[in-house]
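Next come the chains, spelled out residue by residue.
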Amino acid sequence: MLKNLVTGLKTTLNREIKRMLSRPIYFICTVLTMSFCYVFFLTFFNEGQPNKMPIAVVDMDHSSLSRQITRNLEATQQAEIIMHLNSHKEAREELQRGNIYGFMEIKRGFSKEIISNRRPMLNFYVNDAYLIAGSLLNKDLMYMSAATSIGVQQKILRAKGMEENRIMGILQPIAIDTHLIGNAWANYGTYLLNVILPGILQLMVMLITVFAIGVEFKERTAHDWIGSTGNKMFPALTGKLLPYTIVFTTLGIIGNLLLYSYMRYPLNTSIGWMFVSTFLLVVASQSLGILFIGITPVLRDGVTIAGFFGMLGVSFAGSAFPIEQMPYPTRIFSDLFPMRHYFNIYVNQALNGMNVRYSLISILALVSFSILPFFVYNRLRNAAIRQNYPVK
Amino acid sequence: MTLKQKRKQRTIISLLNDILAVMWAEFRTMFKDRGVVIMLVLAPLVYPVLYGLIYKNETLTKVPVAAVDCSESQTSRELLRHLDATQSVQIAYRFNSLEEAKKAFNNKLVHGVVYIPADFAKKLNYGDQTTVSIYCDISSFMYYRIINQACTNCILDMNKRIQLDRLNANGIAGEEAEIIANPVQYSGTALYNEGAGFASFLLPALLIIILQQTLFLGIGMITGTSREENRFHELVSTTVHRGKILRVIIGKSVCYFALYGVWSFFMLGVIPHVFDLPHIGITADLILFIIPFLLSVIFFSMTVSVFLPNRETGMVLFLSFSLVLLFISGFSWPPSNIHWFWKTFAWIFPSTSGVQGYLKINTMAGTLRTVSQEYISLWIQTGLYFMTTFITYRWQIKRISNKLALESEPVLS
């Protein structure tokens, strides 16, 4: 019995490896796609935060103070003045063209109004259609405006002969000290890549699982496939999918190493936990793939379902927009996606370095996906033996 | 009418007839095929609605945070009260130590902690500077931004009042104190996305990507299928094209264009209204802009589809690429900071100019003149990919006629 199982497994394994090598699609969709995505996303977000983003200054005051403000703006990390414009209209047009993402406007008579105590207004504009650029520049421009105000305050209070230590207490009675839990600095890559790269991995796993099985039905080789194990589904399925489990887990682990060892993204736990969850993600996605092709043993439909589900998985991780703040049905729906549970483990372990028991439920959820193939076990077996499904 | 004119007229009629014939043939194959219907009809209908629903809540509200108030003074209580009253944050728990707060954070009960030190009120009374610490969950960028913003605003407000008190205490009062507390007023205006909405930021770009990718994958599916079904794995059945490549290409593209004209109206005209996304663009400019976008996508897809051996290959190979296209279009990481290599690479795909142009017209109220760069590049792509389509189709058809010629030759034994 056991011996039969092992021989069956070996036969399918050999058969599958030969198939993998005979068609370029397997290599392209595993090694090539993942490598390209690693290179693309890691070089794309290499900077961590977009620095020196183009802004403009509309200086209609031409005073020493307005020049001082301009110099201060140049010194900020995230903004770079690439234009000096003469009117609000011009600046707005440049903003619409996307040449700048924000501008500071210093009105005519600005410094004179300060001297005559008329409390002038300093206006700045950012383009929040580019939300990342807009909100980062907003922070910088706000900070520089506040600094300008404080600078003037300081001057007035000094002129009044107030002691330096009292001045500090007046300028900013309460200071804020913001800590980012787990992530030492707001690195944009950390937010995105920890979801996008595993997200692409699970999408590819689902697609390839469906493809590898579905193509046997389509090309009417399913009979040969299951026949090689004496019509036993278990060794046939295991032998078929094991090579992909190994390939994708390896690729996923390379991804983990790139993120945590090479890019040094926050990792407050042993990297082993991320390896384990990557492996679980791969197996859970394979199980879903089996379910899809089991529901409809037609390759084209299986691929469509897998693609649809895999793409949604990236949104349902809830990294960009938190799940808790989505509409209620969405929150329940999100549990159906392995990415959601993977993301939970990542947040608990890698980001927050919490005790593993907090992630236990997510680990169990990922493991429980492997029950899914049993629902379509017989259906898939019958379909393979009889080959009675339409090929198109 | 001279003979020459008559002949000319006849050629035009036959040309139109051929184009119409190809178009109807294409429509028929499209709607007979369940997979193609899913890709070209169902997906453009379902995806925008689904994403619209998922991201319906533009921004975070009432994010639960924990307060650790070691000062337990009137001022600290006031600060927390103000914070609790904001739209974005609510104080869900109060703890006596950071340890307890951390436990609540680990159990995902709160997404941030506000820590007020024991000497908070004392320092304020003495006229010194004191510090409030904020700890933010950064599993999502949104948590960090919203908590930080709410706390900063509340504390800035409080600072202003304390400043006035202190100036009064130093014998500066009335208008003079007001002036010193606020010698320069400043105001920041976030344009084109009021309230920094997440859906308003993501969806416009995503809609363009969905338009391109469903069309691309759909065309790939159609081409892959005809390749599988025909005798010599050819792209177009020989009876229809009769060797006239141009008619085949135009006939097919008119068919795709008609369908996607409707989808463009639905996605870019209806969806933004339904989900209250930005839509302040000039309709005429938007229509004029979408024309070269659709055309370049159609010809680009027709060119690439020639190389797809099977109907499912396109989907398996290129679906994940949608995510690359989304980011490379420069809607989130600003285009100014994208490496020149990826910028050049991005130019291959119509979606890059498509996303930028659509954002500028639809979201930022730009005109066709504003997006002249994107507009011109889309027309260049249209021309370029039309030529590549022509070349690849001709190459395919030549291959077929060679095979046919070979077959018709008598086999010598």
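Keep in mind the model is a prediction, meaning the values are calculated, not measured. (Residues numbered from 1 in each chain as written. Chains lettered and ligands numbered in written order. Predicted model: local features only at pLDDT ≥ 70, side-chain atom pairs only at ≥ 80, totals over all residues.)

For chain A, the helix and strand inventory stands at 17 helices and five strands. Here the C-alpha atoms of chain A give a radius of gyration of 29 Å, more than 25% beyond the 21 Å that 2.2 N^0.38 yields for 392 residues. With respect to the principal axes defined by its C-alpha atoms, chain A has extents near 95 × 45 × 40 Å. For chain A, with 392 residues in total, the buried portion stands at 49%. The long-range fraction of contacts in chain A, counting pairs at least 24 apart against all pairs at least 6 apart in sequence, stands at 78%. (Helix = DSSP H or I, 4+ residues; strand = E, 2+ residues; numbered from the N terminus. Rg over C-alpha atoms; globule rule 2.2 N^0.38 Å. Buried ≥ 20, exposed ≤ 12 C-beta atoms within 10 Å, placed from the backbone. Contact = placed C-beta atoms within 7 Å.)

It is worth spelling out the overall build of chain B at this point. Helix and strand counts for chain B come out as 16 helices and five strands. Its C-alpha atoms give chain B a radius of gyration of 31 Å, more than 25% over the compact-globule value 22 Å for 413 residues. Across its three principal directions, the C-alpha atoms of chain B cover 110 × 50 × 35 Å. The buried share among the 413 residues of chain B stands at 47%. Within chain B, contacts between residues at least 6 apart in sequence are counted, and of these 77% link residues at least 24 apart.

The subject of this paragraph is the nonpolar core. In summary, soluble globular proteins display a tendency toward joint burial of nonpolar side chains. Grouped together as the largest cluster of nonpolar side chains are 225 residues, with contacts concentrated most on A:Phe103, A:Leu207, B:Val113, B:Val114 and B:Ile147. No other element matches the 20 residues that helix α8 (residues 188–218) of chain A contributes to this core. For B:Val114, the residues in contact, after removing those within four places along its chain, are B:Val65, B:Ala67, B:Leu83, B:Val132, B:Ile134 and B:Cys151. (Core = buried A, V, L, I, M, F, W, Y, C linked by C-beta atoms within 7 Å.)

Looking at chain A, the domain boundaries give domain 1 (2–46 + 187–386) and domain 2 (53–171). Here the C-alpha centroids of domain 1 of chain A and domain 2 of chain A sit 50 Å apart. (Domains from an automatic or database assignment.)

This part covers the interface of chain B and chain A. Tallying the contact residues gives 83 residues for chain B and 92 residues for chain A. The biggest single contributor to the side of chain B that touches chain A is helix α6 (residues 141–169) of chain B, with 15 residues. Of the residues assigned to the side of chain B that touches chain A, the class counts are 44 nonpolar, 31 polar and eight charged. Relative to strand β4 (residues 130–136) of chain B, strand β5 (residues 174–180) of chain A runs parallel, the two being bridged by seven bridges. Each bridged residue has a counterpart across the sheet, and for A:Ile176 the counterpart in β4(B) is B:Val132. (Nonpolar A, V, L, I, M, F, W, Y, C, P; charged D, E, K, R; others polar. Pairing = 2+ DSSP bridges.)

All names here are of chain B. It is the contact of helix α11 (residues 283–305) with helix α15 (residues 350–363), at a shortest axis distance of 10 Å, that shows an interaxial angle of 170°. Relative to α15, the element α11 lies roughly antiparallel. The segment α11 lies against α15, with Asp 285, Leu 286, Phe 289, Phe 293, Ser 296, Val 297 and Phe 300 engaging Pro 350, Gly 354, Gly 357, Ile 361 and Asn 362. Counted by class, the contact of α11 with α15 contains seven nonpolar, four polar and one charged residues. (Axes fitted to C-alpha atoms, helices over the stretch in contact; angles between N-to-C directions. Parallel < 35°, antiparallel > 145°, perpendicular 65-115°, else oblique.)

This part takes up the confidence of the model for chain B. All names here are of chain B. Averaged over every residue, the pLDDT of chain B is 88; residues scoring 70 or more account for 95%. Counting interchain partners and residues more than four positions distant, the pLDDT-below-50 stretch residues 237–241 has ten contacts. Both scores are given for the predicted complex: the pTM is 0.91, the ipTM 0.91. (pLDDT = per-residue confidence, 0-100.)

A separate point is unusual backbone geometry. A positive phi is found at A:Asn117, a non-glycine position, where the angle reads about 60°. Here A:Asn117 shows up in the loop between α5 (110–115) and β4 (121–127).

Taken in spatial order, the five strands make up an open sheet running β5(A)-β4(B)-β3(B)-β1(B)-β2(B), and their pairing is mixed. Only two strands of the sheet have a single partner each, and these edge strands are β5 of chain A together with β2 (89–95) of chain B. Within this sheet the neighbouring strands show an average axis-to-axis angle of 25°, counted without direction. Pairing geometry for strand β1 (residues 63–69) of chain B and strand β3 (residues 112–116) of chain B, over four bridges, is parallel.

This part takes up the domain arrangement of chain B. Split into domains, chain B comes out as domain 1 (21–55 + 195–401) and domain 2 (63–181). The gap between the C-alpha centroids of domain 1 of chain B and domain 2 of chain B is 50 Å.

With that out of the way, let us pick up the environment of A:Ile246. You can see A:Ile246 is positioned in helix α10 (residues 233–262). As for A:Ile246 and A:Val282, which are separated by 36 residues in sequence, their C-alpha atoms are 9.2 Å apart.

Let's shift gears to the sheet that holds strand β2 (residues 79–85) of chain A. An order of β2(A)-β1(A)-β3(A)-β4(A)-β5(B) is seen for the five strands of this open sheet, with the pairing classed as mixed. Either end of the sheet is taken by a strand with one partner, and the two such strands are β2 of chain A together with β5 (185–191) of chain B. Averaged over neighbouring strand pairs, the angle between their axes works out to 20° when direction is ignored. The sheet contact formed by strand β1 (residues 53–59) of chain A and β2(A) spans six bridges and is parallel. Paired with A:Val57 across the two strands is A:His84, which belongs to β2(A).

What follows is about helix α11 (residues 271–295) of chain A. Along its 25 residues, α11(A) runs 36 Å from first to last C-alpha, staying within 8% of the 36 Å computed at 1.5 Å per residue. In terms of residue burial, α11(A) counts as a mostly covered element, since 18 of its 25 residues are buried. (Expected span 1.5 Å × (residues − 1).)

So, on to the packing of helix α3 (residues 74–85) of chain B against α6(B). Any two packed helices are characterised by the angle at which their axes cross and by the distance between the axes. Residues and elements named next belong to chain B. The contact between α3 and α6 brings their axes to 10 Å, and the two run at 135°. Taken as axis vectors, α3 and α6 run oblique relative to one another. Remark: the crossing between α3 and α6 carries right-handed chirality. Contacts between α3 and α6 involve Leu 79, His 82 and Leu 83 from the former and Ala 150, Cys 151, Cys 154 and Met 158 from the latter. Residues that form the contact of α3 with α6 fall into these classes: six nonpolar, one polar and no charged. (Left-handed = near helix turned anticlockwise from the far one by under 90°.)

This part takes up the pairing of β4(A). In terms of burial, β4(A) is a largely internal element, five of the seven residues being buried. Inspection of the sheet shows strand β3 (residues 102–106) of chain A paired to β4(A) by four bridges, in the antiparallel sense. Residue pairing in the sheet places A:Phe103 in a bridge with A:Tyr125 of β4(A). In the sheet, β4(A) pairs with β5(B) via seven bridges, with the strands oriented parallel.

For A:Ala75, the location among the structural elements is in helix α3 (residues 64–75). For the pair formed by A:Ala75 and A:Met144, sequence separation is 69 residues and the distance between their alpha carbons is 9.9 Å.

Turning next to the environment of B:Ser97. All names here are of chain B. Along the chain, Ser 97 turns up in the loop between β2 and α4 (98–106). You can call Ser 97 exposed: it has 11 C-beta atoms within 10 Å. With 29 residues separating them along the chain, Ser 97 and Val 68 place their C-alpha atoms 6.1 Å apart.

All names here are of chain B. With twelve residues, α3 ought to run about 16 Å at 1.5 Å a step, and its terminal C-alpha atoms sit 16 Å apart, in line with that. For α3, the set of buried residues is Ser 76, Leu 79 and Leu 83. Each buried residue of α3 sits inside an arc of 60° when the element is viewed along its axis, so together they form one side. The exposed residues of α3 that point more than 90 degrees off its buried face are Gln 74, Arg 81 and Ala 85. Elements in contact with the buried residues of α3: β1, β2, β3, α5 (120–126) and α6. (Arc of directions from axis to C-beta.)

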